[in-house]
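Residue strings, one per chain:
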Amino acid sequence: MESRRPAGALARLDRHALVMTLWLSAGLVAALLFHRGFAGAGPWWVAGGFAAVLAGFAGHVVVNAALGTGFTPRETGVGMVLYLAALNGFAAAVLLFEGFYDTHFLTVAAGMCSLAAAAVFTMVTRHGARGAFEKFDIVRDNNPRSSSRLDRSGARP
């Protein structure tokens, strides 16, 4: 029996299944390591949790490179929301939990910085410095003028 889905839809579904399997396994390992580290086993366990998250991110980048795709807008949005939630949780933990600053501050700060650095490195290597900036340049799209439509050489299209 033939599939009723077009080939492009099936390829997107296969990619999604691969990425979800990768992130679920990396996320489970990271959650277990974070739980063990924050429960009192020490900061090396927390560092291992960040290493698992970085491994999941690296795996996702490898999948994108192998399949010739990039991060979808939904994947980017979910990643940004999760990163900002973790950053807010980190700030709340520093302010509210006694002893967190002494035991886990450097480990979590280094882990958060390494995640941000990995994302920036990925964007710069994939799109170049100008292309990475243009991904966030919403002012140009917000109020377009004739100068906004110039190509990089200054010639009109």
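Residues numbered from 1 in each chain as written. Predicted model: local features only at pLDDT ≥ 70, side-chain atom pairs only at ≥ 80, totals over all residues. Heavy atoms only, no water.

Chemist: Explain the overall build of the chain to me, please; I cannot follow it from the model alone.
Modeler: Scanning the chain from N- to C-terminus turns up five helices and zero strands. For the chain, the α and β elements follow one another from N to C terminus as α-α-α-α-α. Within the chain, the fraction of its 157 residues that count as buried is 22%. For the chain, long-range pairs separated by at least 24 residues make up 55% of all intrachain contacts whose partners lie at least 6 apart in sequence. (Helix = DSSP H or I, 4+ residues; strand = E, 2+ residues; numbered from the N terminus. Buried < 20%, exposed > 50% of the residue type's maximum accessible area, 1.4 Å probe, protein only. Contact = heavy atoms within 4.5 Å.)

Chemist: Please clarify how the pattern of salt bridges should be interpreted in this entry.
Modeler: Opposite charge on two side chains permits pairing when their charged atoms draw close. Per the counting criterion, the structure on display carries one salt bridge. The residue Arg15 makes a salt bridge to Glu75 at a minimum N-O spacing of 2.9 Å. One end of the pair, Arg15, is in helix 1 (residues 7-41); the other, Glu75, is in helix 3 (residues 73-96), and 60 residues separate them in sequence. For Arg15, a relative accessible area of 8% corresponds to the buried category. (Salt bridge = Lys/Arg side-chain N within 4 Å of Asp/Glu carboxyl O.)

Chemist: I would appreciate a short explanation of the side chain of His60 in the present structure.
Modeler: By the element assignment, His60 lies in helix 2 (residues 43-67). By relative accessible area, which is 4% here, His60 ends up buried. Sequence-distant contacts of His60, that is, excluding residues within four places in its chain, are made with Arg15, Val19, Leu22, Trp23, Phe71 and Glu75.

Chemist: Please clarify how the nonpolar core should be interpreted in this entry.
Modeler: If you look at soluble globular proteins, the nonpolar side chains tend to sit buried side by side. Judged by nonpolar contacts, Ala30, Phe34, Val46, Phe50, Ala52, Phe90, Ala93, Phe100, Val108, Ala109, Met112 and Leu115 together constitute the single largest core of twelve residues. Put simply, the parts of the chain that give this core at least two residues each are helix 1, helix 2, helix 3 and helix 4 (100-136). Considering each element in turn, this core owes the most residues, five residues, to helix 4. Setting aside its immediate chain neighbours within four residues, Leu115 contacts Phe50, Val53, Leu54 and Tyr83. (Core = buried A, V, L, I, M, F, W, Y, C linked by side-chain atoms within 4.5 Å.)

Chemist: Where do I start with helix 2 in this structure?
Modeler: Relative to the 36 Å expected for 25 residues at 1.5 Å per residue, helix 2 spans 36 Å between its end C-alpha atoms, a close match to the ideal helical length. In the stretch just after helix 2, Gly68 is the one whose phi turns positive, near 70°. (Expected span 1.5 Å × (residues − 1).)

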